[in-house]
Amino acid sequence: MPASHPLGHAPAARPSLGIQGPVVAFQDPWSGAASDTIMRTGTGIPIPSQDAAPTPGEFVEALRELGADFYVHHVVPTARDHAALLRDLDDAGIDVVLGNEYGNINGPYAEGTNRYDVPTELVRDAAASGRLAGVLYDEPEHLQIHADQYRTDAHLPHFGQTDGLGAEDAVAMIDATVRCIVHDVDAAVADSGAAAVPVLAEQVFPVMFHTLARAGMTPAPKVMKESFQPLQLGTALGAARQYDRELWICADLWGPDIGPWLTRAPGFPGHSPAEFASALRLAYLFGPTRLFVENIDVLVRHRGGGAFERTAHGEVWREFVHDFVPRHPLRWSHRDARADIALVHADDSDFGRGHRPFGNRGATAPATSRSVFAAWHALSHGQLPDHGSCLHIPGYDFPRHQLNAVERSHFPLEAGATAQTHLHGLFQATRSVLVFDEHVCADQLTDAGLIVVAGSRLPRATVGALRARAQAGATVLIASWLCPADDTASGPVGRGSWGVYDSFADDDAQEAIAAHAGPPDVWTQRFGDVEVRIRAADTGGETLDFEIADAARPRIG
């Protein structure tokens, strides 16, 4: 067993930390009453501001006191003059990320879509200020699959129409659209003379990470929310590694639970302060480029006159920023991530419901795509469900729905419930599982001792790359329907093995997974010669314990 050592022995390094703007707490400081005339959440119910409106100066000072390096700004689509926003943030030394959520909810839309693109001139001006850190697309995978989430006048998916298209043609259409979006942002930034910034895909569902990363977007997974953390992070981290992107993480406080904490709306926040504390530490230890919290509404109450009162969640954020982060510098980043187990599968955009793959109303996901869920189930010692990849699947009834009958004018509630519910937790045991798509190359799999291949399709060239990894010493476990007709026999291959399965219940499949899956009470992720070991600190995995250990081991082959 490698010798354990405490967190914090390394040279100082950390992700940049940010805060996303208000959606119900108070008016946008730079747009004022105009922000109350639009719908500012995806709940489908207008929620007026609940606190007194701070001035821009008061708000920026609150960001400074909360330790924000950057601010994620919801661009108000009716606002035309952003000079004050950019000036005030620059004066405070705070970077800005321009988000498109309000425009997605209210319009105006890019022709033939439900997508709002941040105006080119605003991107250019923000870049010229020297403070633009990124352009954020809010839940684009959600709005591609569920085109009528906000816009109900027609079926107009986020990146374009996919009705009648098979998976590969749908992916090609999305790829082309995303490349145009990234090109336009790059061009606007270049016009300002500034360095390029990432175009972010902030995602709630663990699908399309690879599709969007391949086309040029930067993965920005949400943690907490309604996610299974090893699955969400392993998928996004694999996409960032495969396509050489930055990794941003959003600690999203919207969620399924209720409890005795200040509640702005049903499920907001839907995670306890204790879970928030563990989720922040978890996200931080994955070494993202930037880490931000959604939203500031949950961290503070504005009592008027610039007097901000921290909530219980705000106290957690303060401790994280001002105590945990300085005491625990990192000597790794997400770019150092390594897979002990690689899960290879094509993207079908299916998270468990099987409907509208890539937004195609006339299709369902192939039955073979469900093998991805079975793979996660097997690799997690049965702790992840075998019928989906997030909580938006049958079997999960969200406690937050109990608050839907409360008039919105009665919010915020000092306590959403007298007793806390515990639907969501942070823990399932997996062993350094990273996800790669069907275009993965052999040299991107050199660390994986076990490679599990699932899903609905696999190019012949990738089969060759997998055979090469088996030759080099890896165990490759591949679905029978993905094998070429001349390659369906299990057995030794070079220094490794080639195992063909019909089901993960097959004895050989179970044996191969058991040899690599690790213990059922530890979730690990390797970063170079460091291994982050995560354990549940309570029965439901709401809180976590962390250990950093040396994990040097030779690459396979």
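Preceding this paragraph is the structure being described.
Residues numbered from 1 in each chain as written. Predicted model: local features only at pLDDT ≥ 70, side-chain atom pairs only at ≥ 80, totals over all residues. Heavy atoms only, no water.

Caption draft 1: Just the overall build of the protein, in detail. Scanning the protein from N- to C-terminus turns up 13 helices and 21 strands. Here the protein has a C-alpha radius of gyration of 23 Å; the compact-globule value for 557 residues is 24 Å, and the two agree. Its C-alpha atoms give the protein principal-axis dimensions of roughly 70 × 55 × 50 Å. Burial statistics for the protein: of 557 residues in total, 62% are counted as buried. Contacts in the protein between residues at least 24 apart in sequence constitute 73% of all its contacts with a sequence separation of at least 6. Counting only carbon and sulfur atoms, one obtains 49% of the accessible surface of the protein, whose full area is about 19,600 Å². (Helix = DSSP H or I, 4+ residues; strand = E, 2+ residues; numbered from the N terminus. Rg over C-alpha atoms; globule rule 2.2 N^0.38 Å. Buried < 20%, exposed > 50% of the residue type's maximum accessible area, 1.4 Å probe, protein only. Contact = heavy atoms within 4.5 Å. Areas by Shrake-Rupley, 256 points an atom, 1.4 Å probe, with all protein chains shown as cover.)

Caption draft 2: Up close: the sheet that holds strand β7 (residues 218-224). As summarised here, the arrangement of the 8 strands in space is β2-β3-β4-β5-β6-β7-β8-β9, forming a closed barrel in which the pairing is parallel. Across the sheet, the mean angle separating the axes of adjacent strands is 25 degrees when strand polarity is ignored. For strand β2 (residues 16-20) and strand β9 (residues 290-294), the ladder comprises 4 bridges, and the chain directions are parallel. Note on β9: the bridge partner recorded for Gly18 is Phe292. Seen against the sheet, helix α8 (residues 229-242) touches β6 (199-203), β7 and β8 (248-252) and runs at an angle of roughly 170 degrees to β7. (Pairing = 2+ DSSP bridges. Axes fitted to C-alpha atoms, helices over the stretch in contact; angles between N-to-C directions.)

Caption draft 3: Seen up close, the pairing of strand β20 (residues 530-536). Within β20, 5 of the 7 residues are buried, which leaves the element mostly enclosed by the surrounding structure. Here strand β19 (residues 523-527) pairs with β20 via 5 bridges, running antiparallel. By the bridge assignment for β20, Trp523 is matched with Ile534. Linking β19 back to β20 in an antiparallel pair, the connection comprises 2 residues, with Gly528 at a positive phi of about 60 degrees.

Caption draft 4: Focus on empty space enclosed by the protein. Across all of its chains, the model carries 5 cavities of 30 Å³ or more by this definition. The volume enclosed by the largest cavity comes to roughly 200 Å³. Elements with a minimum of two residues in the lining of the largest cavity: α7 (209-215), α8 and α11 (371-379). Among the elements that line the lining of the largest cavity, the one with the most residues is α11, at 3 residues. Within the lining of the largest cavity, the residues separate by chemical class into 10 nonpolar, 6 polar and 3 charged. (1 Å grid on protein atoms, 1.4 Å probe; cavity = no way out; pocket = protein on both sides within 12 Å on 5 of 7 lines; lining within 4 Å. Points joined across faces, edges and corners; volume = space filled by probe spheres on them. Nonpolar A, V, L, I, M, F, W, Y, C, P; charged D, E, K, R; others polar.)

Caption draft 5: Expanded view of α8. With 14 residues, α8 extends 19 Å between its outermost C-alpha atoms, agreeing within 8% with the 20 Å of an ideal straight helix rising 1.5 Å per residue. For α8, the buried fraction is high: 13 of the 14 residues fall into the buried class. In the segment just after α8, Asp244 is the residue with positive phi, at about 55 degrees. (Expected span 1.5 Å × (residues − 1).)

Caption draft 6: Representation of the sheet that holds strand β18 (residues 496-501). Strand order across the open sheet formed by 6 strands is β14-β13-β15-β16-β18-β17, with mixed pairing between neighbours. Of all the strands in the sheet, just β14 (433-436) and β17 (491-493) have a single pairing partner and so form its edges. Between one strand axis and the next, the sheet turns through 20 degrees on average, direction left out of account. Strand direction decides the pairing type here: strand β15 (residues 450-453) and strand β16 (residues 475-479), joined by 4 bridges, are parallel. Within β16, the position partnered with Val453 by the bridge is Ile478.

Caption draft 7: Summary view of helix α13 (residues 507-516). Those residues of α13 lying buried are Ala509, Ala512, Ile513 and His516. Around the axis of α13, the buried residues are gathered within 95 degrees of arc, so they sit on the same side. Every exposed residue of α13 that faces more than 90 degrees away from the buried side is listed here: Asp507, Glu511, Ala514 and Ala515. (Arc of directions from axis to C-beta.)

Caption draft 8: The pattern of salt bridges, seen in detail. The tally for this structure, following the rule as stated, stands at 38 salt bridges. Notably, a salt bridge pairs Arg327 with Asp323, separated by 3.0 Å at the nearest N-O pair. Of this pair, Arg327 and Asp323 are both found in helix α10 (residues 312-327), 4 residues apart, which corresponds to roughly one turn of the helix. Residue Arg327 is classed as partly exposed on the basis of its relative accessible area, which comes to 45%. For Asp323, a relative accessible area of 28% corresponds to the partly exposed category. (Salt bridge = Lys/Arg side-chain N within 4 Å of Asp/Glu carboxyl O.)

Caption draft 9: The arrangement of the layout of surface pockets in detail. Roughly 650 Å³ of internal volume is contained in the largest pocket. Contributing to the lining of the largest pocket are 31 residues, with Gly42, Thr43, Gln149, Lys225 and Arg400 lying nearest its centre. Of the residues in the lining of the largest pocket, the class split is 9 nonpolar, 10 polar and 12 charged.

Caption draft 10: Representation of the pairing of β16 within the structure. Taking burial as the measure, the 5 residues of β16 include 5 buried ones, the bulk of the element. In β16, alternate side chains face the same way, and those of Thr475, Leu477 and Ala479 on one face and Val476 and Ile478 on the other are all buried. Read from β15 through helix α12 (residues 460-472) to β16, the crossover connection turns out right-handed. As paired elements, β16 and β18 share 5 bridges and run parallel to each other. Counted as the bridge partner of Leu477 is Gly499 from β18. (Right-handed = clockwise from strand over helix to strand, strands pointing away.)

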